[in-house]
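Structural description and commentary
In case you want the letters, here they are:
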Amino acid sequence: MRTRSTAMLAAFALAGAALPGVALAQSERTARAVVAEARGMIEANDRAGVAGEAADVQTRARAALERAEAAIRDDNEDRALHAAGEAEALAGLAQATAELRALTAELETLSAQ
């Protein structure tokens, strides 16, 4: 009975020691997923050809993405998530700015008629 209890205690201790590793792997996967989403948004903006003020925001998004990728290489998932979130937000702002510029140009064209 005592051996059985000791074995169960050892098994729980090993399982508990493995859990932080599992959590760390999960946070790394999350960071990589957010980086991939940000990269996709930035690439979509590049294909759409953002210009003017939107291009400046796009440049800032690209810099934040580079910081996120560097943080992943350095195994700093928290910093990677923060920088990737910033890159994603900036890429969204660049897209919205480009759309606003296009709509403003369209409105000016319609107003001139």
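Residues numbered from 1 in each chain as written. Predicted model: local features only at pLDDT ≥ 70, side-chain atom pairs only at ≥ 80, totals over all residues. Heavy atoms only, no water.

1. Some points on the overall build of the protein
Scanning the protein from N- to C-terminus turns up 3 helices and 0 strands. Going through the 113 residues of the protein one by one, you find that 22% of them count as buried. For the protein, restricting intrachain contacts to residue pairs at least 6 apart in sequence, the fraction spanning at least 24 positions comes to 71%. A total of about 7700 Å² of accessible surface is found on the protein, and carbon and sulfur atoms cover 60% of it. (Helix = DSSP H or I, 4+ residues; strand = E, 2+ residues; numbered from the N terminus. Buried < 20%, exposed > 50% of the residue type's maximum accessible area, 1.4 Å probe, protein only. Contact = heavy atoms within 4.5 Å. Areas by Shrake-Rupley, 256 points an atom, 1.4 Å probe, with all protein chains shown as cover.)

2. Details of the nonpolar core
If you look at the biggest cluster of nonpolar residues, it comprises 19 residues, and the most contacted ones within it are Val35 and Leu65. For this core, the secondary structure elements donating two or more residues are α1 (2-48), α2 (53-73) and α3 (77-112). Apart from the residues lying within four places of it in its own chain, the contact partners of valine 35 are Leu65, Ala68, Glu69, Ile72 and Ala84. (Core = buried A, V, L, I, M, F, W, Y, C linked by side-chain atoms within 4.5 Å.)

3. Topic: the pattern of salt bridges
Taken as a whole and judged by the stated rule, the model has 5 salt bridges. Arginine 32 is the salt-bridge partner of glutamate 28, the closest N and O atoms lying 3.0 Å from each other. Separated by 4 residues within a single helix, glutamate 28 and arginine 32 lie in helix α1, roughly one turn from each other. Exposure remark for glutamate 28: the relative accessible area of 24% places this residue in the partly exposed category. Between glutamate 69 and arginine 39 there is a salt bridge whose closest N-O contact spans 2.5 Å. Separated by 30 residues along the polypeptide, glutamate 69 in helix α2 and arginine 39 in helix α1 bring together distant segments of the chain. A residue is classified by how much of its surface remains accessible, and arginine 39, at 31% relative accessible area, is partly exposed. (Salt bridge = Lys/Arg side-chain N within 4 Å of Asp/Glu carboxyl O.)

4. A word on the packing of α2 against α3
Following both chains from N to C, one finds α2 and α3 inclined at 165°, their axes separated by 8 Å at the closest point. Classified by the angle between their axes, α2 and α3 sit roughly antiparallel to one another. Crossing geometry of α2 relative to α3 is assigned as left-handed. Contacts from Glu53, Ala54, Val57, Gln58, Arg60, Ala61, Ala64, Leu65, Arg67, Ala68, Ala71 and Ile72 of α2 reach α3 at Arg79, Ala80, Ala83, Ala84, Glu86, Ala87, Leu90, Ala91, Leu93, Ala94, Thr97 and Ala98. (Axes fitted to C-alpha atoms, helices over the stretch in contact; angles between N-to-C directions. Parallel < 35°, antiparallel > 145°, perpendicular 65-115°, else oblique. Left-handed = near helix turned anticlockwise from the far one by under 90°.)

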